[in-house]
Structure formats: C-alpha cells, structure tokens
Amino acid sequence: MRGGAASRLTFFFGLLLLAAVVGCAAARRAVPFDTPFDQPLVPADDPAVSHSLSDDGTHLIAKPSVMRKPREVLALSSGGVYGAFTAGVLSGWTAAGDRPEFDVVSGVSTGALIAPFAFLGPEYDCRANRLYVGVKAEDIYCFRSWVTIPFRDSLATSWPLRKLIETQLSQDLVAKIAAEHHRGRRLYVGTTNLDTKKLVVWDLGAIACRPEPRTCQLMRDILLASASVPGILPPVAIDIDVNGKLFRELHCDGGATSTIFMPSGVFEAAAAERSLADPPGHLTAIVAGKLSPDISAVRRRVLPVLSATAEALLYSNTRSELANLAADAHRAGLEYHPIALRQDFLTVEDSLNFDKKEQTRLLAEGMRVGMECRKPGASTDVEPKTLPVEIRTGVKLKRGEPASNVP
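This one's a predicted model, so the numbers in the text were calculated from it and none came from an experiment.

*Asks:* How would you explain helix α3 (residues 110-120) if you had to name every residue and give the values?
*Replies:* At 3.6 residues per turn, the α-helix brings residues three or four places apart onto the same side. Across the 11 residues that make up α3, a large majority, 11, are buried. All of the buried residues along α3 are Thr110, Gly111, Ala112, Leu113, Ile114, Ala115, Pro116, Phe117, Ala118, Phe119 and Leu120. Residue Gly121 follows α3 closely and has a positive phi angle near 120 degrees.

If you want it as structure tokens, here you go:
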C-alpha cells in the first residue's frame, strides 16, 4: 500500500506510548458519553427525491433518484502522498483515449480527495494532479509544539489541509456532483467513526443534493476526516441528528478501518437482472502504493518494532480488501482490474513527505501505467491474491521459490 510508511508509523506509535502514560490519570475522569449506537443508523430521508404532478394534475408524485446499473466501477485506496500515482493513472487512462464514465466511484483517505475529480471526469485530471505535485507539506499539516502534544488529539493541526479542501470543493463543484447523482451515478467516501470503530460510508452525491447552506461545509468536513491520519491529524467532529436529537461524532482516516472499499449494494445492483448477452462490466481498483512492503532491517527498539509490525498489518489488510473486492466483483459479473505501484519502484521514505520531485516521479509512473491499463496482456505488477509463504522445517535454508500450499 505504501512505499515507506516507517516514519509516519513511528510518530503514530510514539504518540500512542505517550498517550498511554498521560492517559493513566485521565482514565479516572468521567467523560460524558451519550450516543445512539444501541441500534444501526439509517438515512431518515432521500435528499435526491424530486416531485412532479400526476397525469391528472391532482397530486404530487415523489421520484427518487435510482442508481443506474453499475457497469464501470472505480475504487480508490488510501496511501498518503502515493495518491500522486493514483492521479497519474487516471490522467494516463484519459490520454489513452479509452477511459469510461464511471457509474460508481469510491475513495478513502487520499483516494477520497481524488474521488470527486475522478467522478466528474477527465476535465478535472489537472486539478487532481495539482493536488499532489503543486502542494508542499506545509500545505497539508503544521506540527504542534512538543510541549502541548500530551494535551492534544494529534501531533499536527490540519488547518492547512482544511483550507486546501475549501479551495477545491466549491459550491459549483457540489452542484455538478448533485447533477450527476440525479443521472444515477454514485460517489462514496469512507471515514472511520472513532466511537464505533467502524467504517462509515458517505453518499456524497446524495448529500450534494440537499438545498442547505451547510451542505458544502459538510462535504468538506467528510473529505477532511477521511484524510486525517489518526495521531498525526486531529479527528473531525461531525454533528448528526437521530430522531430529532443531536449527537456529535468524531471521524478520522477511513483507511484505519478499510484501505479500499465498495458498498455491497453496488455489487447487488450489478448482479440484478444480469444477462449473459450483456457485455461484461468492470471494477477497477487503484492502490496508491505497493502491495507488499519493501524489505528492510529493523532496529531492536520498541518504536521500530511496533512500526514494522503495523506496516506489515497495513499491507496485509490491503491485500485482503482487494481479495474481497475480486470475489464480490466475480459474483456480480464484473471483470476485476487491480492496479498498483510496481514492487521495484523506488519510493520515498515517508508517505507524508510531499516532495515535489518525488511526487512528479509518482505521477509520471502512474501515467505510464494508466496508458496501458485494461489493455489485453497489460501487466501492472499486481501480485496474486494468495501470496506464497515460507514453510520452514528448521533453520538450515537455501534460496528458492516459496511453497504455495502446505504439503
């Protein structure tokens, strides 16, 4: 998933250790907690419903916006600065001349920031590219004073990223997303609800259809939350209304619960009334980074050990998520097309290091891959869903191919 997340994870686990020490005293203090989590929460209305007069002109008929049959589906993963690779793939695909209009687009974390542009079409490729090549670290976050960190919710503030999102997600862009939602297309973004520790999927197209002054700000908050790395950037407070009662939730990086996702309803809609005569649909999954971590020696200290363990877990989770997407796509009759950064590509050391030279390299590599994606015989260096494992009978070993199955 990430080419070099060690620095980011070291910061994260350093904060965890510090929080564990400081939290010993804080744990004795009661925290007000009143939430509606005893039952699942579902939408109370459909903001995309339109009304028209009946044929006899006597009463209004509600017409909900129905999702059109998903034939072209796109899922964008998390991955920090490696989102430049994702943006490059989309640009290269546009240049190849065979990029489709996506019926459904989903994104999480850095993929959430790209998702609206991918959803609206190739004319927004340049804006997605500038989101990575045209920004610096100080345009994303600002580190706090170390003296204050034990009493804060993150190592850095996210006000620069909030301002950046405000410049990108305008009222005009929201109106265009709403128009595409009414056409039956869908745009989904994932965040992690810290209270429930679960993924929350936001239908940005439906939200865009709400004729309310706060709609644009809510969408900005959702994008900011999805990209707010836990421990590095603060969680985002989102107020919800449950049966007329207000609650406040804290949301952070959707990649904490799912590095790449697609709502199950999309697969159900794709499989509904499917005919063998229909041309196959497609699910394209673009991973912002590699599928396996780079091999490196680990120093025998607590933070490097924790960092390496968490890095292995993140990559493993991404491969598992992709395997699930592949199985769901197969059952729904969709051809599955995974795209990831090739394993031998030299990557930056830190997935939060917004270096213009490195970003340009990632963008160029993505464009190269995008020019060839989904062409017959094209290879994107995506590893098999089930990786071969080392099976050892002792400590006397030799070099060779690992076994695929247990004998």
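*Asks:* Could you give an account of the layout of surface pockets, naming the residues involved and the relevant values?
*Replies:* Roughly 1,500 Å³ of internal volume is contained in the largest pocket. Along its surface, the largest pocket is lined by 35 residues, and Leu41, Val42, Pro43, Trp202 and Ile240 are the ones closest to its centre. Contributing elements (two or more residues each) for the lining of the largest pocket: β8 (198-203), α7 (204-208), α8 (215-226), β9 (236-242) and β10 (245-253).

*Asks:* Give me the lowdown on the packing of aromatic side chains, citing residues and values where you can.
*Replies:* With the rule as written, the count across this model stands at three aromatic pairs. Geometrically, the ring pair formed by Phe117 and Tyr124 is stacked, given 6.3 Å between the ring centres and 15 degrees between the ring planes. Consider the rings of Tyr141 and Phe143, whose centres lie 5.2 Å apart with planes at 70 degrees: the pair is edge-to-face. For Tyr141, a relative accessible area of 12% translates into the label buried. The ring of Phe119 has Arg185 lying over it, and the distance from NZ or CZ to the ring centre is 4.2 Å.

*Asks:* Outline unusual backbone geometry, supporting the account with residue identities and numerical values.
*Replies:* Trans peptide bonds make up most of the peptide bonds, and negative phi angles are found at most residues other than glycine. Phi at Lys197 takes a positive value of approximately 60 degrees, unusual for a residue other than glycine. If you trace the backbone, Lys197 turns up in the loop between β7 (186-193) and β8. Residue class for Lys197 comes out exposed when judged on its relative accessible area of 61%. Unusually for a residue other than glycine, Asn243 sits at a positive phi of about 55 degrees. Tracing the chain through its elements places Asn243 in the loop between β9 and β10. Asn243 gets classed as exposed once you look at its relative accessible area, which sits at 81%.

*Asks:* I'd like a rundown of the pattern of salt bridges, residues and numbers included.
*Replies:* Per the stated rule, a full pass over the model turns up 18 salt bridges. Of the charged contacts, one joins Asp103 and Arg68 as a salt bridge, the two residues approaching to 2.6 Å between their closest N and O atoms. Placement of the pair is Asp103 in the loop between α2 (83-96) and β4 (104-108) and Arg68 in the loop between β2 (60-63) and β3 (72-76), with a sequence separation of 35 residues. Judged by relative accessible area, which is 23%, Arg68 ranks as partly exposed. In this structure, Arg342 and Glu365 form a salt bridge, with 2.9 Å as the shortest nitrogen-oxygen distance. Taken as a pair, Arg342 in the loop between β12 (334-339) and α11 (356-372) and Glu365 in helix α11 lie far apart in primary sequence, 23 residues in all. Salt bridges sharing common partners tie together Arg68, Glu101, Asp103, Glu180, Arg183 and Arg185.

So, how was this worked out
- Residues numbered from 1 in each chain as written.
- Predicted model: local features only at pLDDT ≥ 70, side-chain atom pairs only at ≥ 80, totals over all residues.
- Heavy atoms only, no water.
- Buried < 20%, exposed > 50% of the residue type's maximum accessible area, 1.4 Å probe, protein only.
- Helix = DSSP H or I, 4+ residues; strand = E, 2+ residues; numbered from the N terminus.
- 1 Å grid on protein atoms, 1.4 Å probe; cavity = no way out; pocket = protein on both sides within 12 Å on 5 of 7 lines; lining within 4 Å.
- Points joined across faces, edges and corners; volume = space filled by probe spheres on them.
- Phe/Tyr/Trp six-rings, centres within 6.5 Å; stacked < 30°, edge-to-face > 60°.
- Lys NZ or Arg CZ within 6 Å of the ring centre and 35° of its normal.
- Salt bridge = Lys/Arg side-chain N within 4 Å of Asp/Glu carboxyl O.

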